[in-house]
Amino acid sequence: MTAPEIRQQFLDFFVSKGHHIVPSAPIVVKNDPTLLFTNAGMNQFKDYFLGNRAAAWKRVVDTQKCLRVSGKHNDLEEVGIDTYHHTMFEMLGNWSFGDYFKKEAIDWSWELLTEVYKIPKDRLYVTVFEGDAKENLEKDQEAYDFWKKHISEDRILMGNKKDNFWEMGDTGPCGPCSEIHVDCRPDSERALVDGKTRVNADDPQVIEIWNNVFMQFNRLKDKSLEPLPAKHVDTGMGFERLVRVLQGKNSNYDTDIFSGTIEHTEKLTGLKYGRTDSKQDVAFRVLADHIRAICFAIADGQLPSNNGAGYVIRRILRRAVRYYYSFLNRKTPLLHELVPVLAQQFATVFPELQLQVDFVTKVVFEEENNFLRTLESGIRRIEDFMGNAKQKAVDGRTAFELYDTYGFPYDLTSLIASEKGFSVDEKGFEVAMEEQKTRSRAATELDMGDWTVLDENPVSVFVGYELSETATSVTKYRKI
Ligand code: ATP
Ligand code: MG
Ligand code: MG
Ligand code: MG
């Protein structure tokens with residue numbers, strides 16, 4: 001089964017259960033001060049859960065573009081190193097807004113996985129919230145009892161607050177959750193641990209694929225929980241992980257979701273993925289991952305910049321550039337060449353990228369070009385420093401110099417340093433940053449960083465870039 005077919009089956013299944021298909025919200029969040037980017041399917045429905053707004057449909061289903069690189073959910077460090085955490089990923093979800101609750105959610109997730117997708121039952125585990133005395137939260141006996149009808153009890157594991165009480169952020173809707181894990185190890189290995197239950201914390205081949213959250217509370221600023229006006233279901237299934245399981249692959253990157261960009265990177269670099277040293281493979285994975293985050297963020301209106309959400313995107317982009325520069329032996333812009341491949345692949349699912357493909361390509365190219373101007377000397381600077389250092393530590397001032405003079409985001413310096421076993425003084429970096437801010441307080445900071453909006457309602461005028469003529473909702477920018 002291809003990835004698009006798998007996505008479609010998810011949507012069709014929930015339509016058959018009375019759900020209405022809604023489009024993904026933009027990956028960039030503009031109207032919620034608690035969030036920079038969409039980190040879960042439920043974000044766009046937050047007001048329904050809180051009771052601030054009435055839902056147009058009681059049951060909906062969708063695939064949501066998510067980004068987990070900041071705030072409560074931040075997976076950046078894992079990306080490329082493991083094979084199942086991405087920066088940007090699709091979260092398939094079904095929702096009940098004050099309609100069905102635990103029984104239907106559990107019955108349908110079981111039906112979909114075992115009868116439609118035909119995942120063998122003896123490869124599945126489920127987890128249930130064990131309760132938390134401090135928060136006065138009870139064990140989720142109800143969920144346990146519904147699962148018991150489908151799966152033997154030795155495959156139902158109790159989970160703590162960290163894994164089985166889902167929270168969107170420091171505040172907002174939350175509730176106990178029940179997750180589904182798939183054991184992808186070969187039979188021979190499974191036999192070795194027969195009778196001993198494993199979840200993905202123990203083995204990278206036992207993967208969490210789906211979370212069913214039973215929304216019942218709102219986490220307030222003072223950390224207390226207040227019950228929501230109604231009970232809701234919010235589920236999230238990692239699409240890339242599901243496809244990997246159904247296609248029988250060992251890695252998300254071996255599925256047809258990533259093969260297009262990986263093959264194109266092979267063509268551009270003359271190197272092969274999966275055949276040589278691991279650093280090179282990590283670089284292939286990082287590129288295939290990061291280009292998605294970059295493209296969809298820009299297509300949804302978040303340009304790279306020097307602050308806020310824009311800086312998150314610039315950091316991801318610079319991280320990717322450094323990976324191809326150092327490990328794929330590529331010294332000229334590469335990422336922008338992957339944009340059309342991705343746009344084509346997602347033309348029917350997320351058409352916003354195809355509609356703005358020329359624009360996004362230009363922005364990515366400019367960004368790469370800019371960073372490549374200082375990358376070489378920045379790398380020399382940090383390597384010289386580490387070569388002469390008496391202790392395995394990069395001081396805050398040097399980290400700040402790398403940031404200020406060479407455009408190295410802090411996390412990039414930290415990554416390069418860690419590859420040589422060095423730590424970085426983060427506090428010292430922040431102090432140096434503060435000092436500079438004080439020095440330049442007089443200078444006003446533009447919200448848009450170093451891009452300026454020329455025209456909110458595009459007409460076909462030339463504004464410094466060749467923009468897609470077919471784009472209908474593109475804001476035009478000029479580099480200043
Ligand atoms: P994990 O424990 O693997 O980090 P999670 O518990 O943080 O996942 P949830 O918040 O429960 O994830 O999100 C619902 C589903 O989204 C997960 O079950 C998983 O399939 C998928 N998912 C979560 N984070 C990522 C990611 N960074 N990349 C790809 N898929 C993800
Ligand atoms: Mg996580
Ligand atoms: Mg988890
Ligand atoms: Mg989870």
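Residues numbered from 1 in each chain as written. Chains lettered and ligands numbered in written order. Predicted model: local features only at pLDDT ≥ 70, side-chain atom pairs only at ≥ 80, totals over all residues.

In the contact formed by helix 8 (residues 259-269) and helix 9 (residues 278-299), the axes pass within 9 Å of each other and the chain directions differ by 125 degrees. Accordingly, the angle class assigned to the pair helix 8 and helix 9 is oblique. Crossing of helix 8 against helix 9: the hand is right-handed. Listed contacts from helix 9 to T261, I262 and T265 of helix 8 are F284, L287, A288 and I291. (Axes fitted to C-alpha atoms, helices over the stretch in contact; angles between N-to-C directions. Helix = DSSP H or I, 4+ residues; strand = E, 2+ residues; numbered from the N terminus. Parallel < 35°, antiparallel > 145°, perpendicular 65-115°, else oblique. Left-handed = near helix turned anticlockwise from the far one by under 90°. Contact = placed C-beta atoms within 7 Å.)

If you check the shell around ligand 1, you find 16 residues, and the closest are H86, F89, N211, G236 and G238. The element contributing the most residues to the shell around ligand 1 is strand 10 (residues 206-219), with 4 residues. (Near = placed C-beta within 6 Å.)

In terms of domain boundaries, the chain breaks down into domain 1 (3-246) and domain 2 (258-439). Mapped by element, the contributors of at least two residues to the side of domain 1 that touches domain 2 are strand 2 (59-67) and strand 3 (69-70). Here the side of domain 1 that touches domain 2 is composed, by residue class, of 10 nonpolar, 5 polar and 1 charged. (Domains from an automatic or database assignment. Nonpolar A, V, L, I, M, F, W, Y, C, P; charged D, E, K, R; others polar.)

On average, residues of the chain carry a pLDDT of 89, and 89% of them reach 70 or more. The complex prediction reports pTM at 0.89, with the ipTM value standing at 0.99. (pLDDT = per-residue confidence, 0-100.)

The element strand 9 (residues 172-183) is largely enclosed, with a buried count of 12 among its 12 residues. Note: strand 8 (residues 165-167) against strand 9, 3 bridges, orientation antiparallel. For E167, the partnering residue across the bridge sits in strand 9 and is C174. Count of turn residues in the strand 8/strand 9 antiparallel hairpin: 4 residues. Where strand 9 lies against strand 10, 10 bridges are found, and the strand directions are antiparallel. Within strand 10, the position partnered with I180 by the bridge is W210. (Buried ≥ 20, exposed ≤ 12 C-beta atoms within 10 Å, placed from the backbone. Pairing = 2+ DSSP bridges.)

This part is about the nonpolar core. Core analysis: the largest hydrophobic core is formed by 112 residues, its most contacted members being L287, I294, C295, A320, L353 and V360. When residues of this core are sorted by domain, at least three fall in each of domain 1 (3-246) and domain 2 (258-439). Not counting chain neighbours up to four residues away, the residues in contact with L353 comprise C295, F296, A299, L342, A343, F346 and V360. Listed in part, the 13 residues of the second largest apolar core include V394, L412, I416 and A432. (Core = buried A, V, L, I, M, F, W, Y, C linked by C-beta atoms within 7 Å.)

Close contact between helix 3 (residues 102-116) and helix 4 (residues 141-148) brings their axes to 10 Å; oriented N to C, the two are set at 35 degrees. The handedness of the crossing between helix 3 and helix 4 comes out as right-handed. Touching K102, K103 and I106 of helix 3 are E142, A143, F146 and W147, all from helix 4.

Below, the discussion takes up unusual backbone geometry. The residue N136 is not glycine, and still its phi comes out positive at about 60 degrees. Following the sequence through the fold, N136 ends up in the loop between strand 6 (124-129) and helix 4. The class for N136 is exposed, based on 8 C-beta atoms found within 10 Å. With a phi close to 80 degrees, K223 is a non-glycine residue in the positive phi region. Structurally, K223 is set in the loop between strand 10 and strand 11 (225-238). On the basis of neighbour count, K223 is assigned to the exposed category, with 9 C-beta atoms found within 10 Å.

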